[in-house]
Amino acid sequence: MKIRIKIVYVVSLTAILFTGCDRDDFLVDDFLDDHFYLRNAGADMPVTVQGNFKDKTLVLFLQGGPLGGSQILAYSSIFNRLEKEFAVAYWDQRATGESKGNFSKDLLIRDQYVDDLDKLVKLIQHRYGKDTKIFLMGISWGGMLGTSYLIRHHGNHPVKGWIEINGGHDWPLIRRTSYLKLRSIADQQISIGNSINEWTQLKEVADKFDTSRIDLDYVVEYYQHVLKAEKILEKDGVVSYSVEVDKPWKAFFNSPTNSLTSIFGDILARPNSHVWSHLMTDTYVSDNLSLINIPYLFLWGDMDIRVPDTLAYRAYEKISTPEADKKLVIFPNTMHELPGYAPEQFYLEVVSFINKHN
Amino acid sequence: MVKTSFIFMVFSIFIFQAFGQKTTQKISFGESFDLKIGYLGEFITHPGLNTEIMAPYKLQIKTKNDRQKWKYLSAGFGIYNHQQNHVGTFLLVSHGSKRIYKNGFMLGSSLGVGYFRYFYNSATFEVGDNGEISRVRLAGKGQIMFDMSLEVGQDFFRKSNVPLGWYIRPRLFFLAPHNTTFLPRVALEAGIMYKIKIN
């Protein structure tokens, strides 16, 4: 009897431990449904891959921050729609979302994130085949990461195209232009009679902004005002965010992510502060944009105060991509988290770009 | 905010443990044992199992309302599965106290320390500098674990001499190292207690 109990115990434990271990059936009816970890330099980073893989096209999404992870986006209506066209890889970057491990704060720097991305691209090719057509899509910090990767590995990477959404690839330029955007939007809103008192105060903040200050605390304080401006624009109905979460119950309680540990992890590790503190005066990307010559799609919000569209216009001129293969789209009445403010236009632009270049 | 909440919880547990006294009865360690088996839901819905054996070493009885306050040491093992994320396992030793009222209603708290080991339940790969790919078997990490828990339940032995009870137990784990710092996890446990040896 005792032996039987022991056997049941060991079998149960083993079953729990290994349930869901590596599956080779991640491709069913041309649809990818896969999950794996990349281990690199002390970090174990989860990757969820889902979507139509009939044409072997895969969009590797680079989240903003770096904060929060990107796996949770696999439950958003926007990305679920994209998955009907292409496979989408959602990667929780180092020290964000559900990534785990043990490493020094010294590795929370752009170069390490670029190295992680390089390893992930190689792993994707290994897992799904060298003929996989990889497109990078990055938002905000993801814009800095993707652009840095394409420069660092120019001429030696398999990426077919780059979609940059409000990408923060040039912090000195952001510092020199964000307050101008804030002032311009404040003027515009005051002129049409929206929240005049609030916008007058925000205009004063813009007027007083000191572009020579590069300390992170000063910039963070300024960005609190930017977030306030975004809330006013939403409150006054100037912009409207419309993303739905598909299967919210599953997303919250039974997905590969855990919202609580993701939030705690972000608060405790503060990867964004560490990364950005090294980039305040960095011009590596803006100095080397001419090394990029692959198809490039810029998607920007005209009301993005965090990363103004000046960055897109400048980069559009600097890259070496032929005119026919680059496109800059400025979406009206949209802010930093662009896909949520213009889901339909975002979807159409992305699908059209990928279909043209894959 | 997180720091304040943490200090408040630790403080509350210590205060909670400090209340109650009057008649004190020392119990020889090993004189009686309770066994706990319960569903352990990390983040409530990531299912698992927790087993724990508890050895009381001190009993205080408040004569006014015949309330018992037990202090005990315990050792336990837990396991849970977060689908497409990891399997968490842990060994834990704890010190706890519980008050059992005349009607069997039970309130308790405990603090524990142990070893936590998680295993990824998806394939894990390493990519070398030259692009060579290798699979990491049984990938995961070991961590030091601190556990704080509160408990409510019913001890049927107190009222009707049935050696059974039930309990619900919110738990807070602190695991280190995690990335560059540590990580808190919440869990909810619910199960039954069985007195396997009664003094």
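Preceding this section is the structure that the text describes.
Please read all numbers here as calculations on a predicted model, not as lab measurements.

Trainee: Go over the packing of aromatic side chains, please, and point to the residues and values.
Mentor: Going through the model one piece at a time under the given rule, you end up with 27 aromatic pairs over all chains. Between Phe61 of chain A and Phe79 of chain A, the ring centres sit 5.1 Å apart and the planes meet at 75°, which makes this aromatic pair edge-to-face. With a gap of 18 residues between them, Phe61 of chain A in strand β4 (residues 57-62) and Phe79 of chain A in helix α2 (residues 77-83) connect regions that are remote in the sequence. Comparing Phe61 of chain A with Phe79 of chain A, the two get one shared label, buried. An aromatic cluster is present here, built from Tyr113, Trp141, Trp171, Tyr179, Phe209, Tyr218, Tyr222, Tyr223 and Trp276 of chain A joined pairwise through their rings. Above the ring of Phe103 of chain A, the side-chain terminus of Arg94 of chain A is found at 4.7 Å from the ring centroid. Of note, Arg117 of chain B hangs over the ring of Phe119 of chain B, and the distance from its end group to the ring centre comes to 4.5 Å.

Trainee: So, the packing of helix α5 (residues 171-191) of chain A against helix α12 (residues 310-318) of chain A: which residues are in play, and what are the values?
Mentor: Residue and element names in this part refer to chain A. The N-to-C vectors of α5 and α12 enclose an angle of 135°; their axes lie 10 Å apart at closest approach. Classified by the angle their axes make, α5 and α12 are oblique. Where α5 abuts α12, its residues Leu173, Ile174, Arg176 and Thr177 lie against Thr310, Leu311 and Arg314. Here the contact of α5 with α12 is composed, by residue class, of three nonpolar, two polar and two charged.

Trainee: Explain the pattern of salt bridges to me, and be specific about the residues and the numbers.
Mentor: Scanning the entire structure with this criterion turns up 32 salt bridges over all chains. Here Lys119 of chain A ties to Asp129 of chain B by a salt bridge, and the two come within 3.4 Å at their closest N and O atoms. With Lys119 of chain A in helix α3 (residues 110-128) and Asp129 of chain B in the loop between β7 (123-127) and β8 (133-136), this residue pair bridges two chains. What makes Lys119 of chain A buried here is its relative accessible area of 4%. Residue classification places Asp129 of chain B among the exposed residues on the basis of a relative accessible area of 68%. With a closest N to O distance of 2.9 Å, Lys327 of chain A and Glu349 of chain A form a salt bridge. With a gap of 22 residues between them, Lys327 of chain A in strand β10 (residues 326-331) and Glu349 of chain A in helix α14 (residues 343-357) connect regions that are remote in the sequence. Connected through shared salt-bridge partners, Glu52, Asp147, Arg169, Arg171 and Glu189 of chain B make up one network.

Calculation rules
- Residues numbered from 1 in each chain as written.
- Chains lettered and ligands numbered in written order.
- Predicted model: local features only at pLDDT ≥ 70, side-chain atom pairs only at ≥ 80, totals over all residues.
- Heavy atoms only, no water.
- Phe/Tyr/Trp six-rings, centres within 6.5 Å; stacked < 30°, edge-to-face > 60°.
- Helix = DSSP H or I, 4+ residues; strand = E, 2+ residues; numbered from the N terminus.
- Buried < 20%, exposed > 50% of the residue type's maximum accessible area, 1.4 Å probe, protein only.
- Lys NZ or Arg CZ within 6 Å of the ring centre and 35° of its normal.
- Axes fitted to C-alpha atoms, helices over the stretch in contact; angles between N-to-C directions.
- Parallel < 35°, antiparallel > 145°, perpendicular 65-115°, else oblique.
- Contact = heavy atoms within 4.5 Å.
- Nonpolar A, V, L, I, M, F, W, Y, C, P; charged D, E, K, R; others polar.
- Salt bridge = Lys/Arg side-chain N within 4 Å of Asp/Glu carboxyl O.

Read these as geometric descriptors, not functional statements.
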